[in-house]
Amino acid sequence: MTGNARELAESFDLERLTPEFYVNPYPTYRALRDNAPVKRLPNGSYFLTRYDDLVTAYKSTKAFSSDKKKEFSPKYGDSFLYEHHTTSLVFNDPPAHTRVRRLIMGALSPRAIAAMEPDLIRLIDGLLDAIAAKGKIELIEDFASAIPVEVIGNLLDVPHDERGPLRDWSLAILGALEPVISSGQFARGNKAVKDFLAYLETLVERRRTKPGNPERDVLTRLIQGEENGERLTEKELLHNCIFLLNAGHETTTNLIGNGLVTLLLYPEEKQRLISQPDLIKTAIEEMLRYESSNQLGNRMIVDEVELGGIRMPAGTPVTLCIGAANRDPAQFPDPERFDIARTPNRHLAFGTGAHQCAGMALARLEGAIAISRFLARFPNYALAGEPTRGGRVRFRGYLSVPCDANP
Ligand code: HEM
């Protein structure tokens, strides 16, 4: 245990992060796991970094609540942002959560996801053709972020010429979830929810008049509900459509962006994937573990809990640090090593338990097709400048990655 690590753990405050932390949070996460795995922050909340503690929290919806009404009320006041986040599936507890999740999982069925594969391949190959013509590209804008927004657009069958604003709405709404937000971030997030709702009202209206195929069109399926008559209310429907886009956009963009940059940092692993393309499945899992695109989760203690000898009373907010748990040596041998064939790899990038990511099959499919086809087409791709990080703590990814596809 070095003095530096102890100091890092002692001074850690989620509301006052250093520029070095944004570049590389892992030394801090390691210091916390080793020295203060159940760390009390100056604002009275706790920050958890051990794998086993996260699993305990994820698996106990009774003691660790996902309902954010109390927490979001002072942060967002009576606003569109408040209504949106408190109606989203992820920020609710059973029984509301169980009912809405059943309807959403029914719509995101394996059949609906498998049916998306041909369109996904077409979309990705089209992007790769454009990249081949350009040579020098912006990896995030030209590739990683162009995929998920189209996939969710296809999922809800949003007409192509109406997809323009989706990405910025999503970024603005998620930006307002950062631990500390400016008045500008609040205003942008709030306006994005308002505009998105207005758009969805018209889309839902059109779909009610002219329903799509419920086997493939998630929006039609969500409008119609289940055969037993169970259905989302209008408010649940609109906010959870927004939530699907948000949940699936930046996270998947970052999986693709982080994955392709990480391969460049580990040329031997990149070469291994090129010569053994069958490793793509375990490679995607390792990318999810190593640079988890969603680094933080949150819960509120509703029944007093003891973790690591520390008692946390009801009413204590806790942050679950996925990025730290996914490098916990108690779960992952040699955790700092990026190994595209790592098995087993029970990472928590998608969480676990009742709220485990409802779109993980889709995210894995997008990641595998995007990265394997990019690599097959441009095996020698290289950085053409310094990548710029997104500057967020919750969603870890790059804003821009200048890249030469065919150096
Ligand atoms: C690499 C990409 C993705 C990552 C890393 C990711 C990560 C996560 C995590 C960690 C959670 C759990 C949140 C919690 O327990 O507090 C979650 C929930 C969720 N995700 Fe994902 N996600 C990804 C892609 C997607 C996609 C593509 C979709 C949909 C199209 C999606 C839809 C959802 C939904 C609906 C939930 C809420 C589930 C619930 O609360 O029951 N996600 N995701």
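No experiment lies behind these values; they were computed from the predicted model shown.

(A) Molecular detail of the sheet that holds strand β5 (residues 296-301). Reading across the sheet, the 5 strands line up as β1-β2-β8-β5-β3 and stay open at both edges, with mixed pairing between neighbours. Pairing within the sheet leaves two strands with one partner each, and these edge strands are β1 (38-40) and β3 (64-65). As judged from the 3 bridges shared by strand β2 (residues 46-48) and strand β8 (residues 317-321), these two strands associate in the parallel manner. The residue bridging L48 from the neighbouring strand is L320, located in β8.

(B) How the structure looks around the coordination of the iron atom of the ligand. Here the protein supplies the iron atom of the ligand with just one donor, C357 (SG), and that contact is 2.3 Å long. Along the chain, the position of C357 falls in the loop between α18 (322-325) and α19 (360-377).

(C) Representation of the pairing of β5. Of all 6 residues in β5, 6 are buried, a share of seventy percent or more. Where β5 and β8 come together, 5 bridges link them in antiparallel fashion. Across the sheet, N298 pairs through a bridge with T319, a residue of β8.

(D) Structural view of the nonpolar core. In terms of nonpolar packing, the biggest core is built from 91 residues, with F143, I147, L222, L263, L273, M287 and F374 touching the most fellow members. A per-element tally of this core places helix α15 (residues 234-265) first, with 12 residues. V38, I301, V305 and L320 belong to the second-largest nonpolar core, a separate cluster that totals 19 residues.

(E) Spotlight on the site of the ligand. Near the ligand lie 28 residues; those nearest to it are H97, R101, R299, H355 and C357. The contact in question runs from an oxygen atom of the ligand to an N or O atom on the side chain of R101, over 2.6 Å. Within the side chain of H355, a nitrogen or oxygen atom sits 2.6 Å from an oxygen atom of the ligand. Elements supplying a minimum of two residues to the shell around the ligand: α7 (96-107), α15 and α19. The element that contributes the greatest number of residues to the shell around the ligand is α15, accounting for 7 residues.

Each value, and the rule that gives it
Residues numbered from 1 in each chain as written. Predicted model: local features only at pLDDT ≥ 70, side-chain atom pairs only at ≥ 80, totals over all residues. Heavy atoms only, no water. Pairing = 2+ DSSP bridges. Helix = DSSP H or I, 4+ residues; strand = E, 2+ residues; numbered from the N terminus. Donors = N, O, S within 2.8 Å, 3.2 Å for Na, K, Ca; no water. Buried < 20%, exposed > 50% of the residue type's maximum accessible area, 1.4 Å probe, protein only. Core = buried A, V, L, I, M, F, W, Y, C linked by side-chain atoms within 4.5 Å. Near = heavy atom within 4 Å. Polar contact = N/O pair within 3.5 Å; in protein donor to acceptor, adjacent residues only side chain to side chain.

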